[in-house]
Amino acid sequence: QVQLVESGGGLVQAGGSLRLSCAASGSIFRIISINAMGWYRQAPGKQRELVASITSGGRTNYADSVKGRFTISRDNAKNSVFLHMNFLIPDAAAVFYCNALLSTRRRAACWGPGTQVPVSS
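Residues numbered from 1 in each chain as written. Predicted model: local features only at pLDDT ≥ 70, side-chain atom pairs only at ≥ 80, totals over all residues. Heavy atoms only, no water.

Novice: Would you mind going over the side chain of R41 with me for this structure?
Specialist: Structurally, R41 can be placed in strand β4 (residues 34-42). Relative accessible area serves as the criterion here: at 13%, R41 is assigned to the buried category. Only 3.0 Å separates the side chain of R41 from the side chain of S65, close enough to count as a polar contact. Not counting residues up to four positions away in its chain, the partners in contact with R41 are Q47, R48, E49, V51, S65, V66, F70, A94, V95 and F96. (Helix = DSSP H or I, 4+ residues; strand = E, 2+ residues; numbered from the N terminus. Buried < 20%, exposed > 50% of the residue type's maximum accessible area, 1.4 Å probe, protein only. Polar contact = N/O pair within 3.5 Å; in protein donor to acceptor, adjacent residues only side chain to side chain. Contact = heavy atoms within 4.5 Å.)

In structure tokens, the structure reads:
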């Protein structure tokens, strides 16, 4: 069993910064590892989209809309991933979801429950 728990979401003013955290836990990590972790967001009326991802080796991938403003990082020892968001604008308001790809035979994907990030103008 795997659990992903997100934290750090909350109201932030336009132009401000916010840091999201996500930690994965479960007894399964005694025999497997996480290949990659990432953050997705879903704004009202929009499709869920990838914001940023990072592999266990540190390779990162960012959506074009957040390059230069958001930074993803990972603590492999703690099975955690972080997203530091700078220069937030009202259009960035969304629910952010943590994701993990496991090193199982079927490369199982796990999702957190999501955390809201409202941005005030």
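Novice: Can you walk me through the environment of V117 in this structure?
Specialist: Of note, V117 is situated in strand β11 (residues 115-117). Accessibility expressed as a relative area gives 1% for V117, which makes it buried. Distance in space between the C-alpha atoms of V117 and F96 is 7.2 Å, their sequence separation being 21 residues.

Novice: Even after reading the chapter, I still don't get the pattern of salt bridges, so can you show me in this structure?
Specialist: Opposite charge on two side chains permits them to pair, given that their charged atoms come into close proximity. On inspection of all chains with the given rule, the structure shows 2 salt bridges. When the shortest N-O distance is used, the salt bridge between R41 and E49 registers 2.9 Å. With its nearest N and O atoms 3.0 Å apart, the salt bridge here joins K67 to D64. Comparing K67 with D64, the two get one shared label, exposed. (Salt bridge = Lys/Arg side-chain N within 4 Å of Asp/Glu carboxyl O.)

Novice: Teacher, can you tell me more about the state of the cysteines here?
Specialist: Throughout this description, disulfide means a covalent bond between two cysteine sulfur atoms. The tally for this structure, following the rule as stated, stands at 1 disulfide. Covalent S-S linkage joins C22 and C98, the inter-sulfur distance amounting to 2.1 Å. An S-S torsion of about -85° defines the bridge between C22 and C98 as left-handed. You can see C22 sitting in strand β3 (residues 18-25) and its partner C98 sitting in strand β9 (residues 94-102), a full 76 residues away along the chain. Using a relative accessible area of 0% as the deciding quantity, one classes C98 as buried. Left unpaired, C110 is separated from the closest cysteine sulfur, that of C98, by 9.7 Å. (Disulfide = S-S within 2.5 Å.)

Novice: Which parts of the structure should I look at to understand the sheet that holds strand β7 (residues 70-75)?
Specialist: Strand pairing in a sheet relies on backbone hydrogen bonds, with the paired strands running either antiparallel or parallel. The 4 strands are arranged β1-β3-β8-β7 in an open sheet whose pairing can be described as antiparallel. At either margin of the open sheet sits one strand with a lone partner, and together these are β1 (3-7) and β7. The mean angle between the axes of side-by-side strands here comes to 15°, regardless of whether they run parallel or antiparallel. (Pairing = 2+ DSSP bridges. Axes fitted to C-alpha atoms, helices over the stretch in contact; angles between N-to-C directions.)

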